[in-house]
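Next come the chains, spelled out residue by residue.
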Protein chains: 2
Amino acid sequence: MKEKFNTLPPSGFHEFSPAGERLRHQWIDVIRTSFERFGFYPLYTPLVEREENLLAKGGNPKEVYRLQRIHEDAEDQSHSGMALRFDHTVPLALYVARHLNEIAFPLRRYAIGPVFRGERAQKGRFRQFDQCDIDVIGFEKLSFENDALMPAIIIEIFESLKIGDFVVRINNRKLLLGLFEQVGVAPENIKTVLDIVDDKEKVPEDVFVSRLGEYGLTPESIKILTDFFAHTGEANQVLVAIKDTAGNDTFREGVEEMTQVLDALEAMNVPKNRYRLDLSIARGLDYYTSTVYETRLIGHEYLGSICSGGRYDDLGYKFTGKPLPGVGISIGLTRLLPQLIEAGMVQCPSVSPARALLIGVDDAGRAAALALGQELRTQGIAVENYVEAKKIQKQFEYAEKVGIAFCLILGAQEVTDNTVQVRNMHTGESTTVPRTEVMGHL
Amino acid sequence: MKEKFNTLPPSGFHEFSPAGERLRHQWIDVIRTSFERFGFYPLYTPLVEREENLLAKGGNPKEVYRLQRIHEDAEDQSHSGMALRFDHTVPLALYVARHLNEIAFPLRRYAIGPVFRGERAQKGRFRQFDQCDIDVIGFEKLSFENDALMPAIIIEIFESLKIGDFVVRINNRKLLLGLFEQVGVAPENIKTVLDIVDDKEKVPEDVFVSRLGEYGLTPESIKILTDFFAHTGEANQVLVAIKDTAGNDTFREGVEEMTQVLDALEAMNVPKNRYRLDLSIARGLDYYTSTVYETRLIGHEYLGSICSGGRYDDLGYKFTGKPLPGVGISIGLTRLLPQLIEAGMVQCPSVSPARALLIGVDDAGRAAALALGQELRTQGIAVENYVEAKKIQKQFEYAEKVGIAFCLILGAQEVTDNTVQVRNMHTGESTTVPRTEVMGHL
């Protein structure tokens, strides 16, 4: 008797439909190809790291999953203190620490794979999700032209994925911090004011202004801020317009770094409609120290940023003992893809990768179908042999259900004539073609 | 100050070198392409399943890793009872149970990814390792021609991977069990005698005979067994030679099933030197019920089986409530690949996927290098821009270290002349070529 089991995945863990999973593969292939085309290479580190290392670099102990064998045995203590990674950055920092003297800097690595966070389960929040990351890590220094390569890669990827119109928003946190210094935001309010700025586009202008007023800013200061954020246009023009807004070192550094980024983007002939300088984006103050990125799908802003990242001063000094600046981006595939499928913005492929289903209707046909299947595969065509004893109608139904476009039918007559019946499953039409010409009909 | 952290992966978890990881990617691409060419499609299930489901179907509680947040909080109990998968089969059975009414049978799925076992740490044993599995699952019945497709796939994969000479050994457990019945192996000794048979090739013939003698077999019975296992030659000839050794139903079924498998292999024109009927292989008695496979690298038998599998009667009746027979194979990539690299049997690619490193020697050259880099990428060539302010010799060293074959050098002179210096990093030779002809020199 069937026993009572709950066969659903645990809360916060999910499956993809077979067609969705094939789309996920296609996406990962595109993303990986783009990463490699820019000279990034993969580093493989395990999904499991030492607990103390994960906690030392931002791991939230309420979200990090520790491993424990269901039945511990006292004589083997080698399983304690291990936990699942929650991002790709801590494993990268640990890798760099292990191989500091062998690595050719700047290190250009990519990582595509699952990370785990023990979050409260809710729609669209996953406890296991794929992140696709690239990072360039410099030894002590790192040119800001790397910060220009990131939007170029994002643009190549999302153009290849054909998901519609999008724009990469670039900013530099130093512009914001320098501006705040200029207008007198108190140090203890910086984090809150940054959040207000980051949320600017979500609220009407008067709400934005009144929120700023709560943090002791004068009307003149607020005017400087609202004027600053009102700039629009091509990135270079915006930068020229705001470059003298503040006179402190932080702001000047921000202008200089952003100039290098925009000059490099221009040198690369990256299309100007694909990126802009958005002075209001802030992102993760705690980690990013300079350039930051977001990517928005035009007309689908509710999706949030579909690819984000930025520059940081310190990959992991506590592990490496060296100041290693880096810049990177991350695509959160597991959140993005189901949303795009649901919104009808991307199409899933067929379930089966096979182009044709080979059907033998009698003993001679079955043997011939096995032979033809192998021949077609040798020529690089994915085909499936249906080898169960079922009525031909059932075999057609199978082909339709898994999305196979053609059925190739063989029986004693076809074997004698050296032909194949080719049935187009879309139109339902069958034609008899010489065996040697089957390839051309698929 | 650098703090004291042990940055090594936990015991039993491992990293790949960057070049090794690129080889692993290449292998997975080959394996996946072969799987898909035979019409298999991927199912994505999470790495985490319900503990009770894993334990219900073969999970060893001393080896299954349970998840536990480092800091539990009492108000969220939704994280309990979850554990890491230890194979791809239990998740498949659970998937099938969830989707029994939607699945088009026979289900042909592949799974490539990590599984976890809390084994005692020792060389060559990993606690996280990649398995590449395919399985065909039938609804109530499943033709034995599927059992012939498995060796065909194994052969396609290992020929594509160019790892040298190999052979797929095929057997049917019913042949062994029928034979044991015939010669009077007591039911309580079957498991032990199967193990003795499975180990036959590891010991001299006289040791084999004396081991069999310990289980109450008469000299006549032992003679039948040794004669049986002495058969060699082409698979079909061996089958003809042994087909009347025993007269019971089990043995006859084994002969009949194996006949179908070998006939189908012959129909597919699978090269006969690539497979053989090896009457002594037994493999996992508990799970496999009929056809079994092993794959050996000729001259490297110490590696053990590099791809194994077999047929089973019951994918997971306790989950599905239906008799679902299946046949599948599995490649243990994580154990195999480092062994082949170490033995020099496969070559790792370069660390960097980039074909060329673009170097700008002055401002004009740097801008031109950024532009040329994008152009080459658009044409599908992987290239890297070196954008750090380093002496050119350091940039060459970088290219050598990550295995980039060419450096493309641009300065004001090249920009004026519309040329590029192409330096072959292998020969050290440089040539100046028109910018439009760079592609042809890579």
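Residues numbered from 1 in each chain as written. Chains lettered and ligands numbered in written order. Predicted model: local features only at pLDDT ≥ 70, side-chain atom pairs only at ≥ 80, totals over all residues. Heavy atoms only, no water.

Undergrad: Please clarify how the packing of helix α5 (residues 173-183) of chain B against helix α6 (residues 190-198) of chain B should be interpreted in this entry.
TA: Residue and element names in this part refer to chain B. Between α5 and α6, the least distance of the axes is 11 Å, while the angle of their chain directions is 120°. On the basis of their axis angle, the class for α5 and α6 is oblique. Note on packing geometry: the crossing formed by α5 with α6 is right-handed. Every residue of α6 that contacts α5 at L176, L177 and F180 is listed here: I190, V193, L194 and V197. (Axes fitted to C-alpha atoms, helices over the stretch in contact; angles between N-to-C directions. Helix = DSSP H or I, 4+ residues; strand = E, 2+ residues; numbered from the N terminus. Parallel < 35°, antiparallel > 145°, perpendicular 65-115°, else oblique. Left-handed = near helix turned anticlockwise from the far one by under 90°. Contact = heavy atoms within 4.5 Å.)

Undergrad: Would you explain the interface of chain B and chain A in this entry?
TA: How big an interface is tends to be reported as the loss of accessible area on association of its parts. Between chain B and chain A, the residue contacts involve 118 residues of the former and 118 residues of the latter. Taken together, chain B and chain A are joined by six salt bridges. With a closest N to O distance of 3.2 Å, E384 of chain A and R108 of chain B form a salt bridge. Where chain B packs against chain A, one counts 54 residue pairs in polar contact (both at pLDDT 80 or more). If one sorts the elements of the side of chain B that touches chain A by residue count, helix α1 (residues 18-37) of chain B sits on top with nine residues. Its residues assigned to classes, the side of chain B that touches chain A comprises 57 nonpolar, 25 polar and 36 charged. (Salt bridge = Lys/Arg side-chain N within 4 Å of Asp/Glu carboxyl O. Polar contact = N/O pair within 3.5 Å; in protein donor to acceptor, adjacent residues only side chain to side chain. Nonpolar A, V, L, I, M, F, W, Y, C, P; charged D, E, K, R; others polar.)

Undergrad: I keep staring at the sheet that holds strand β7 (residues 166-172) of chain A and nothing clicks. Help me out?
TA: Sheet strands line up and pair through hydrogen bonds in the backbone, either parallel or antiparallel. Residues and elements named next belong to chain A. The mixed open sheet is built from eight strands, whose spatial order is β1-β5-β6-β11-β10-β9-β7-β8. Strands with a single pairing partner mark the edges of an open sheet, and in this sheet they are β1 (41-42) and β8 (275-277). One ladder, built from two bridges, connects β1 with strand β5 (residues 107-116); its direction is parallel. Each bridged residue has a counterpart across the sheet, and for Y41 the counterpart in β5 is R109. Where helix α4 (residues 145-160) meets the sheet, its contacts fall on β5, β6 (128-137), β7, β9 (291-297), β10 (308-312) and β11 (326-332), and the angle it forms with β11 comes to roughly 20°. (Pairing = 2+ DSSP bridges.)

Undergrad: Could you clarify how one ought to interpret the relation of the copies chain B and chain A in this entry?
TA: Each copy of the chain is related to the other by a rotation around an axis and a translation along that axis. Each copy superposes on the other: chain B lies on chain A with an RMSD of 0.0 Å after a rotation of 180° and an axial shift of 0.0 Å. Seen this way, the second copy is the image of the first under a two-fold rotation axis. Taking C-alpha positions as the reference, the residue of chain B nearest the rotation axis is L67 of chain B, at 2.5 Å. A share of 100% of interface residues in chain B that are also interface residues in chain A marks the association as one of identical surfaces. (Least-squares fit on C-alpha atoms with pLDDT ≥ 70 in both.)

Undergrad: What is the right way to look at the packing of helix α4 (residues 145-160) of chain B against helix α10 (residues 249-267) of chain B in this model?
TA: Each packed pair of helices is defined by two parameters, the angle between the axes and the distance between the axes. Residue and element names in this part refer to chain B. Put simply, α4 and α10 touch, their axes get as near as 8 Å, and they point 50° apart. In this view, α4 runs oblique relative to α10, as classed from their interaxial angle. Where α4 crosses over α10, the two elements pack in a sense that is right-handed. Residues E145, D147, A148, P151 and A152 of α4 form the contact with α10, whose participating residues are V261, A264 and L265. For the contact of α4 with α10, the class distribution of residues is six nonpolar, no polar and two charged.

Undergrad: Sorry, what's going on with the pattern of salt bridges here?
TA: Oppositely charged side chains can form a pair if their charged atoms are brought close together. All names here are of chain A. Per the counting criterion, the structure on display carries 66 salt bridges over all chains. Linking E257 and K174 is a salt bridge whose minimum nitrogen-to-oxygen distance equals 2.5 Å. In this pair, E257 is assigned in helix α10 (residues 249-267) and K174 in helix α5 (residues 173-183), connecting sequence segments 83 residues apart. Here E257 and K174 have matching classes, each one buried. Through salt bridges with shared partners, one network takes in R169, E201, R276, D278, R283, E294 and R296. (Buried < 20%, exposed > 50% of the residue type's maximum accessible area, 1.4 Å probe, protein only.)

Undergrad: So what exactly am I meant to see when it comes to the sheet that holds strand β8 (residues 275-277) of chain B here?
TA: Residues and elements named next belong to chain B. Taken in spatial order, the eight strands of this open sheet run β1-β5-β6-β11-β10-β9-β7-β8, and their pairing is mixed. Only two strands of the sheet have a single neighbouring strand rather than two, namely β1 (41-42) and β8. Sheet strands in contact with α10 are β7 (166-172), β8 and β9 (291-297), and its direction is about 150° off that of β7.

Undergrad: What am I meant to see in the packing of aromatic side chains here?
TA: Working definition: an aromatic ring pair is given by the centre-to-centre distance plus the angle between the planes. Enumeration according to the criterion identifies 22 aromatic pairs over all chains in this entry. When the ring of F228 of chain A is compared with that of F229 of chain A, the centres are 5.4 Å apart and the planes differ by 85°; the resulting orientation is edge-to-face. Across this residue pair, the class does not change: F228 of chain A and F229 of chain A are buried. Centre to centre, the rings of F35 of chain B and Y110 of chain B are 5.6 Å apart; their planes meet at 50°, and the pair counts as tilted. Here Y110 of chain B lies in strand β5 (residues 107-116) and F35 of chain B lies in helix α1, a separation of 75 residues in the sequence. The burial state of F35 of chain B is the same as that of Y110 of chain B; both residues are buried. (Phe/Tyr/Trp six-rings, centres within 6.5 Å; stacked < 30°, edge-to-face > 60°.)

Undergrad: Before we go on, may I ask you to explain helix α12 (residues 333-342) of chain A in this structure?
TA: Owing to its 3.6 residues per turn, the α-helix aligns residues three or four sequence positions apart on the same side. Residues and elements named next belong to chain A. Within the sequence span of α12, burial applies to L333, T334, L336, L337 and L340. One side of α12 carries all its buried residues, which in axial view fall inside an arc of 165°. For α12, the secondary structure elements touched by its buried residues are α1 (18-37), β6, α4, β9 and β11. Downstream of α12 by a residue or two, G344 has a phi angle that is positive, lying close to 70°. (Arc of directions from axis to C-beta.)

Undergrad: What is the right way to read the pairing of strand β6 (residues 128-137) of chain B from this model?
TA: Remember that side chains alternate between the two faces of the sheet whenever the strand is regular. Residue and element names in this part refer to chain B. For β6, the buried fraction is high: ten of the ten residues fall into the buried class. Neither face of β6 is left uncovered, since the one carrying Q128, D130, C132, I134 and V136 and the one carrying F129, Q131, D133, D135 and I137 both have all their residues buried. Examined bridge by bridge, β5 and β6 share ten bridges and lie antiparallel to one another. From the neighbouring strand, R108 faces β6, where its bridge partner is V136. Two strands pair when backbone bridges link them, and β6 and strand β11 (residues 326-332) are joined in this way by seven bridges, in the antiparallel orientation. In the sheet register, Q131 faces β11, and the bridge partner there is G332.

Undergrad: Please explain unusual backbone geometry as it appears in this structure.
TA: Among all residues except glycine, the phi angle is most often negative; among peptide bonds, the trans geometry is most common. Residues and elements named next belong to chain A. For the peptide bond that leads from F105 to P106, omega is -5°, which places it in the cis range. In this fold, P106 is placed in the loop between α3 (89-98) and β5. Positioned with a positive phi, E140 is a non-glycine residue whose angle comes to about 70°. When you line up the elements, E140 lands in the loop between β6 and α4. Taking relative accessible area as the criterion, E140 reaches 46% and is therefore assigned partly exposed. For N418, which is not glycine, the phi dihedral falls at a positive 60°. Tracing the backbone through its elements, the reader meets N418 in the loop between α15 (412-417) and β15 (419-424).

Undergrad: Would you mind going over the side chain of T334 of chain B with me for this structure?
TA: All names here are of chain B. Here T334 shows up in helix α12 (residues 333-342). Of the polar contacts made by the side chain of T334, one reaches the backbone nitrogen of D130; its length is 2.6 Å. Residue contacts for T334: discarding those within four places in its chain leaves H14, F126, Q128, F129 and D130.

Undergrad: Please clarify how α6 of chain B should be interpreted in this entry.
TA: All names here are of chain B. Restricting attention to buried positions, one finds in α6 the residues V193, L194, I196 and V197. What you see down the axis of α6 is that its buried residues fit within an arc of 160°, all on one side. The inward-facing, buried residues of α6 contact α5, α7 (205-213) and α8 (219-230).

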